[in-house]
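A closer look at the structure
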Amino acid sequence: MKFEKIAAPKGVSEYAPPDSAAFEWVRQSLIDPAKLAGYQLIELPVFEDTTLFSRGVGESTDVVSKEMYTFEDRGGRSITLRPEGTAGVMRSVIENSLDRGQLPVKVWYSGAFFRAERPQAGRYRQFYQVGVEAIGLDDPAIDAEVIAIADRGFKKIGLKNYRLEITSLGDAKSRAAHRVDLLKFISTLTLDEATAARAAINPLRLFDDKRDEMKQAMEKAPLLMDYLSPESESHFKQVLAYLAALKVEYVLNPRMVRGLDYYTGTTFEFVHSDLGAQSGIGGGGRYDGLMETLGGQNLSGIGFGLGVDRALLAAKAEGLIAKSAFSSDLFLIPLGDNAKGAALSISAQLCELGIVTEIAFGDRALKGAMKAADKSGSRYVIVLGEAELASGQVEIKRMSDGATSSVKISDLSGFAFDK
Ligand code: HAM
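The structure displayed is predicted, hence computed values, not measured ones.

Here we come to the pairing of strand β6 (residues 126-135). Among the 10 residues in β6, 9 count as buried, and that is most of the element. Pairing analysis gives 7 bridges linking β6 to strand β11 (residues 301-307), with the strands arranged antiparallel. When the bridges of β11 are listed, Ile135 appears paired with Gly301.

By volume, the second largest pocket is sized at about 560 Å³. Examining the composition of the lining of the second largest pocket, we find that 4 residues originate from one element, helix α6 (residues 172-186), more than from any other. Tallied by class, the residues present in the lining of the second largest pocket amount to 16 nonpolar, 9 polar and 7 charged.

This paragraph deals with the nonpolar core. Ranked by internal contacts, the top residues of the largest apolar core, which has 46 residues, are Leu30, Tyr39, Val146, Ile147, Phe154, Phe268 and Phe270. At 9 residues, the largest contribution of residues to this core is made by helix α5 (residues 140-157). With near-sequence residues (within four places) excluded, Phe270 lies in contact with Ile147, Ala150, Asp151, Phe154, Tyr162, Arg163, Leu164, Ser279, Gly280, Ile281 and Gly282. Listed in part, the 42 residues of the second largest apolar core include Ile42, Met68, Met90 and Tyr262.

Glancing now at the packing of α5 against helix α9 (residues 230-245). The angle between the axes and the distance between the axes are what describe a pair of packed helices. Here α5 crosses α9 at 45°, and the two axes come no closer than 8 Å. Accordingly, the angle class assigned to the pair α5 and α9 is oblique. The handedness of the crossing between α5 and α9 comes out as right-handed. Contact residues: α5 offers Pro140, Ala141, Asp143, Ala144 and Ile147, while α9 offers His235, Gln238, Val239, Tyr242 and Leu243. Classifying every residue of the contact of α5 with α9 gives 7 nonpolar, 2 polar and 1 charged.

Across all of its chains, the model carries 14 aromatic pairs by this definition. Where Phe113 meets Phe127, the ring centres are 6.3 Å apart and the plane angle is 35°; that geometry is what we call tilted. On the criterion of sequence distance, the pair formed by Phe113 in strand β5 (residues 105-114) and Phe127 in strand β6 is long-range, its members being 14 residues apart. Each member of the pair Phe113 and Phe127 is classed as buried. On the basis of an interplanar angle of 85° and a centroid distance of 5.3 Å, the ring pair of Tyr380 and Phe415 is categorised as edge-to-face. In this pair, Tyr380 is assigned in strand β14 (residues 380-384) and Phe415 in the segment after β16 (404-408), connecting sequence segments 35 residues apart.

Let us now look at the environment of Asn298. Residue position: Asn298 is located in the loop between α10 (290-293) and β11. Asn298 sits 10 residues away from Asp288 along the chain, and the two C-alpha atoms are 7.8 Å apart. Setting aside residues no more than four positions away along its own chain, Asn298 makes contact with Asp288 and Glu292.

Right, let's get into the site of the ligand. Near the ligand you find 28 residues, and of these Glu84, Glu117, Tyr124, Tyr263 and Gly280 are the closest. One of the backbone nitrogen or oxygen atoms of Gly280 is found 2.7 Å away from an oxygen atom of the ligand. When the free accessible area of the ligand is taken as 660 Å², the share hidden by the protein chains comes to 96%. Listing elements by their share of the shell around the ligand, those giving two or more residues are β6, β10 (280-286) and β11. When residues of the shell around the ligand are assigned to their parent elements, the largest contribution, 6 residues, is made by β10. In terms of residue class, the shell around the ligand is made up of 9 nonpolar, 12 polar and 7 charged.

Rules behind the numbers
- Residues numbered from 1 in each chain as written.
- Predicted model: local features only at pLDDT ≥ 70, side-chain atom pairs only at ≥ 80, totals over all residues.
- Heavy atoms only, no water.
- Buried < 20%, exposed > 50% of the residue type's maximum accessible area, 1.4 Å probe, protein only.
- Helix = DSSP H or I, 4+ residues; strand = E, 2+ residues; numbered from the N terminus.
- Pairing = 2+ DSSP bridges.
- 1 Å grid on protein atoms, 1.4 Å probe; cavity = no way out; pocket = protein on both sides within 12 Å on 5 of 7 lines; lining within 4 Å.
- Points joined across faces, edges and corners; volume = space filled by probe spheres on them.
- Nonpolar A, V, L, I, M, F, W, Y, C, P; charged D, E, K, R; others polar.
- Core = buried A, V, L, I, M, F, W, Y, C linked by side-chain atoms within 4.5 Å.
- Contact = heavy atoms within 4.5 Å.
- Axes fitted to C-alpha atoms, helices over the stretch in contact; angles between N-to-C directions.
- Parallel < 35°, antiparallel > 145°, perpendicular 65-115°, else oblique.
- Left-handed = near helix turned anticlockwise from the far one by under 90°.
- Phe/Tyr/Trp six-rings, centres within 6.5 Å; stacked < 30°, edge-to-face > 60°.
- Near = heavy atom within 4 Å.
- Polar contact = N/O pair within 3.5 Å; in protein donor to acceptor, adjacent residues only side chain to side chain.
- Areas by Shrake-Rupley, 256 points an atom, 1.4 Å probe, with all protein chains shown as cover.

Shown next, in the form of structure tokens:
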């Protein structure tokens, strides 16, 4: 009987060797600056109680209303695969009482997220983010630090063709004042039922409408930036001043609307110019009411999520990814069962010293094993037969020029593998 092959589900991103090396490099580069700034790992479940997202992220968002992977578990509970990271971090901070200790709580995370979007280049149903959250202090210096960390991540990869867009969504007072005028303005427009319903929950969403007629209609709409309370305005000005001092370039975008409803105050997006429609390589902002909405104290927070898949696409577009070829330091070719045992223990010792050591498994004839060594791109090769085991001496061959030298097996750990 012949079984049929099984394909991956539609729209998921995955990274197999050799391309996975570039993915891992991008992910590490993006998160290293957060670790260096004292952020600590938080590792969270990939599924949560559905209410966490419907209440935390907001019912008016596409993410909650159209894109969640929600199912009933075997106990009849409604479970959702996490579409984003902030709500889960907040849930955990409250549940573990981290907000009762030293503030701000500064954490980083990295992992898979799930949104049932229409798949296209750079938009996946399972994708990868790294992110940070700094919770508990409403200090503009933290906003600047968080934004600068994200910027350093992109710079570490070597990206150049991106810009940081920034705005302020103000505090509750600013938004209430703006909402009155915005609703007044919206009431002069003719809207279809779905749009009117979205506007009723969050009128700011209409700034995000991609249809030309709506874009045009919203051109004269009042902008939140013009309604900032004195406190919000001075907070935002201070953030911009810190960014300027840090030499982090930005452009103001007072029409920015993020896809999640919890944002307040400083809000930002990193946009790459070589990626077509899916140009957002990262984004974030303040979410000053989120903790309270989720049953915790009334503490503020700010963070970002960076799209690892899109950052990798951006790096490829800018020619920053060399064809990745895995190469090991040493390829051991054992001939016979005794030699195989010896190869396993030599490899175990060398691996512990950080020397990347592979073994030719599978009882291949010498010729085939040498071919495999060649293909693996290994820098050195040793053939281990009965004679070598008896003498305790091996010939180590440098693959670049074929030069050989004789080394005692017991001295291999001291051999300079051109590290
Ligand atoms: P977000 O803007 O929804 O924010 O997602 C952050 C980044 O994840 C986006 O800029 C994009 O690069 C990537 N991304 C989102 N959806 C997809 C997708 N379907 N396929 C590929 N990449 C995608 C958040 O998720 C917030 N939790 C960020 C945050 C943290 N705000 C405050 N703290």
